[in-house]
Amino acid sequence: MAQQEKKKSRIFDYFSEKEDPYVGGVAWCAGCTLELAARFVPKVLGNDIVLVGCPGCSAPVFFGQNLGAWHRLSYYSCLMTGVASSATGISRYFRRIGKDVTVVCFTGDGCAADVGFQPLSGAAERNEHIIYICYDNEGYMNTGYQRSSTTPLGASTSTTPAGIIGKGKPTPAKNMPLIMSLHGAAYVATATLSHLEDFAKKLLKAKEKKNEGFVYIHVFAPCNMGWRIESNSSIQVCRTAVRTNYFPLWEAENGKFRLTQETANPRPIQEFTKPIRKFAHLKEADIDKLQQMVDERYAFIKALCAIGK
Ligand SMILES: Cc1ncc(C[n+]2csc(CCOP(=O)(O)OP(=O)(O)O)c2C)c(N)n1
Ligand code: SF4
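Summary of the structure given here. These numbers were taken from a predicted model, which means no experiment stands behind them.

Criteria and thresholds
Residues numbered from 1 in each chain as written. Chains lettered and ligands numbered in written order. Predicted model: local features only at pLDDT ≥ 70, side-chain atom pairs only at ≥ 80, totals over all residues. Heavy atoms only, no water. Core = buried A, V, L, I, M, F, W, Y, C linked by side-chain atoms within 4.5 Å. Buried < 20%, exposed > 50% of the residue type's maximum accessible area, 1.4 Å probe, protein only. Helix = DSSP H or I, 4+ residues; strand = E, 2+ residues; numbered from the N terminus. Contact = heavy atoms within 4.5 Å. Near = heavy atom within 4 Å. Polar contact = N/O pair within 3.5 Å; in protein donor to acceptor, adjacent residues only side chain to side chain. Areas by Shrake-Rupley, 256 points an atom, 1.4 Å probe, with all protein chains shown as cover. Nonpolar A, V, L, I, M, F, W, Y, C, P; charged D, E, K, R; others polar. Pairing = 2+ DSSP bridges. Axes fitted to C-alpha atoms, helices over the stretch in contact; angles between N-to-C directions.

So, about the nonpolar core. With 60 residues, the main nonpolar core has Phe106, Phe199 and Phe272 as its most contacted residues. Here this core takes 7 residues from helix 2 (residues 33-45), the largest share from any one element. Apart from the residues lying within four places of it in its own chain, the contact partners of phenylalanine 106 are Leu34, Ala37, Ala38, Val41, Leu51, Val52, Gly53, Ser58, Phe62, Ile133 and Tyr135. Ranked by size, the runner-up nonpolar core spans 36 residues in total, among them Val103, Cys111, Ala185 and Trp250.

Spelled out as structure tokens, the structure:
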């Protein structure tokens, strides 16, 4: 109990210690985990970061609306195709003038895994001194919940609808954090909003490791609207994603993999899919396929961790 209180107060400290750069109410949907991610990142990294972003659900708040701003952070707005390359220029400029500035790209999965993947992959391969945070809501949410390459197998989206003919997305999600780790980046990690202590540690490590080179953090961030989940259930969905091994929490430091959260008795995948209505049409055989994919991906990460040891 005392241990629990100690843990709680450490996370509470992140929220209470630093000046809040945001206004009290912002323009995200009720219960959206993107809001918690966007608020938490400067709480841990500090308000003196330079954020680089693009169109997506994060943009209306980061970019501001009409003449108003929703925050006091430095924000550089790009096209979806230019985030990692613009961040490269910003980071190189600060390094050239000898200023230690943390440059943080913050985009959705549509930008990271699809539209902006080429410059992201290039920046990782060149080992630029950037932190790239992808909040993965498994689709293009800002433009009407279309599928992206990280949309999971079977999920119903506006471009892979479940109906008389369609059965949801026919292909599995691109394993984006694993792909990024294979670039040989200085640090790659997965994180989610039910495990803030874990996320905070990874952000602090990211700040340190960006001096060595490229850092990528893949944040599992459910979208209440697109996934059709209750506004008070998003954190529980994050927790269940970890407990079912659907979204394992790991890190790879200079290519050495380590699970940061071991799940002793993983729960069946139905516990994750049940409250999410984008999976409501799935039959037993579809769920079995999803379970098989989860098991295979988890076994792969475990094997990589074993090599690391
Ligand atoms: C090159 C390009 N293609 C398409 C668009 C249209 N567009 C604007 S926001 C958006 C969705 C972005 O999805 P994602 O990066 O996953 O962020 P989310 O909306 O989920 O937060 C799209 C496709 C664009 N702005 N630029
Ligand atoms: S559409 Fe989804 S990701 Fe976008 S603000 Fe709403 S809940 Fe968040």
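The environment of ligand 1 is formed by 16 residues, the closest being Cys57, Gly110, Cys111, Tyr135 and Asn142. Residue aspartate 109 places a main-chain N or O atom 3.5 Å away from an oxygen atom belonging to ligand 1. Protein contact buries 74% of the 580 Å² of open area that ligand 1 shows by itself. Ranked by the residues each element gives to the shell around ligand 1, the list is headed by helix 5 (residues 109-115), at 4 residues. Residues belonging to the shell around ligand 1 are distributed by class as follows: 8 nonpolar, 7 polar and 1 charged.

Let's shift gears to the sheet that holds strand 4 (residues 131-136). Strand order in this open sheet of 8 strands is 2-1-3-4-6-5-7-8, and the pairing throughout is mixed. With partners counted over all chains shown, the strands left at the sheet margins are strand 2 (74-77) and strand 8 (256-259), one partner each. Each strand axis lies, on average, 20 degrees off the axis of its neighbour in the sheet, ignoring direction. Sheet analysis places strand 3 (residues 103-108) next to strand 4, joined by 5 bridges and oriented parallel. Directly across from phenylalanine 106, in strand 4, lies its bridge partner isoleucine 133. Sitting on the sheet, helix 2 is in contact with strand 3 and strand 4, with an inclination near 170 degrees to strand 3.

The local shell around ligand 2 consists of Trp28, Cys29, Cys32, Cys57, Asn137, Tyr145, Cys223, Asn224 and Met225. Taken together, the residues that form the shell around ligand 2 break down as 7 nonpolar, 2 polar and no charged.

With a phi angle near 55 degrees, arginine 228 is a residue other than glycine that sits in the positive phi range. Given the relative accessible area of 35%, arginine 228 is considered partly exposed. Notably, asparagine 254 is not glycine yet its phi reads approximately 45 degrees, a positive angle. Relative to the assigned elements, asparagine 254 resides in the loop between strand 7 (250-253) and strand 8. In this structure asparagine 254 comes out as partly exposed when scored by relative accessible area, which is 49%.

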